[in-house]
Amino acid sequence: MESLKDLLIDEMKDLYSAEKQLVRALPKMEKAAKNQNLKAAFASHLEETRTHVERLERAFEMLGQKPKAKTCKAMQGLIEEGGETMKEDGDRTILDLAIVGAAQRVEHYEISAYGTVRAIARQLDRKDVADLITGTLEEEAGADKKLTQIARELYGAVGNSRAKSASQG
Ligand code: ZN
Ligand code: FE
Ligand code: FE
């Protein structure tokens, strides 16, 4: 690893692995979620994530490289931890909130990594690559924001269920 370009390619290999892991994990998260909006959020982010994989492939090609993944251990860990959350028993809304927490950790990791990739691309005057990454970053940020909104809805449902059980004595 001698140059900024080497570093850029290395960061992209990590993200390529991370995104491909997510393509496999998101259907499981969709299945585990009980809230319909949360299910729908995972389904639509799966489609976006497939596009993220394709954009990375395009970026590799723009840089004269064959797309290659280098196992992202961080994403493996985040997905593994989220998987443990999904195995827990308990209140459906609380479990959905736990899944949202796991999913937002994933989005924040991606946002951070793509931010690095875009900064390096800009430093290398590769506006073409940086612009491609911006499209993905916007979708990652949108997914994160949607999860925050769903969490707010779920907190409301927790409040309601508490009020209900209190009124039932
Ligand atoms: Zn992504
Ligand atoms: Fe990584
Ligand atoms: Fe994402």
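Residues numbered from 1 in each chain as written. Chains lettered and ligands numbered in written order. Predicted model: local features only at pLDDT ≥ 70, side-chain atom pairs only at ≥ 80, totals over all residues. Heavy atoms only, no water.

Visitor: Lay out the nonpolar core in plain terms, naming residues and giving numbers.
Guide: Counting 21 residues, the largest nonpolar core has Leu26, Leu38, Phe42, Met75, Val100 and Leu147 as its most contacted members. Only α1 (4-32), α2 (36-62), α3 (73-87), α4 (92-123) and α5 (127-167) provide two or more residues apiece to this core. In terms of residue count, the dominant contributor to this core is α4 (five residues). The contact partners of Val100, leaving out residues within four places of it in the chain, are Leu38, Leu147, Ala151 and Leu154. (Core = buried A, V, L, I, M, F, W, Y, C linked by side-chain atoms within 4.5 Å. Buried < 20%, exposed > 50% of the residue type's maximum accessible area, 1.4 Å probe, protein only. Helix = DSSP H or I, 4+ residues; strand = E, 2+ residues; numbered from the N terminus. Contact = heavy atoms within 4.5 Å.)

Visitor: Describe in detail the coordination of the zinc ion (ligand 1), supporting the description with residues and values.
Guide: Surrounding the zinc ion (ligand 1) are the protein donor atoms Glu19 (OE), Glu19 (OE), His52 (ND1), Glu110 (OE) and Glu140 (OE), at 1.8 to 2.7 Å. On the primary sequence, the residues serving as donors to the zinc ion (ligand 1) are separated as E-x32-H-x57-E-x29-E. (Donors = N, O, S within 2.8 Å, 3.2 Å for Na, K, Ca; no water.)

Visitor: For the packing of α1 against α4, give the residues involved together with the corresponding values.
Guide: Each pair of packed helices can be described by the angle between their axes along with the distance between the axes. Relative orientation of the contacting elements α1 and α4 amounts to 160°, with a least axis distance of 10 Å. In terms of orientation, α1 and α4 fall into the roughly antiparallel class. Crossing of α1 over α4 shows left-handed handedness. Of the residues assigned to the contact of α1 with α4, the class counts are 17 nonpolar, two polar and five charged. (Axes fitted to C-alpha atoms, helices over the stretch in contact; angles between N-to-C directions. Parallel < 35°, antiparallel > 145°, perpendicular 65-115°, else oblique. Left-handed = near helix turned anticlockwise from the far one by under 90°. Nonpolar A, V, L, I, M, F, W, Y, C, P; charged D, E, K, R; others polar.)

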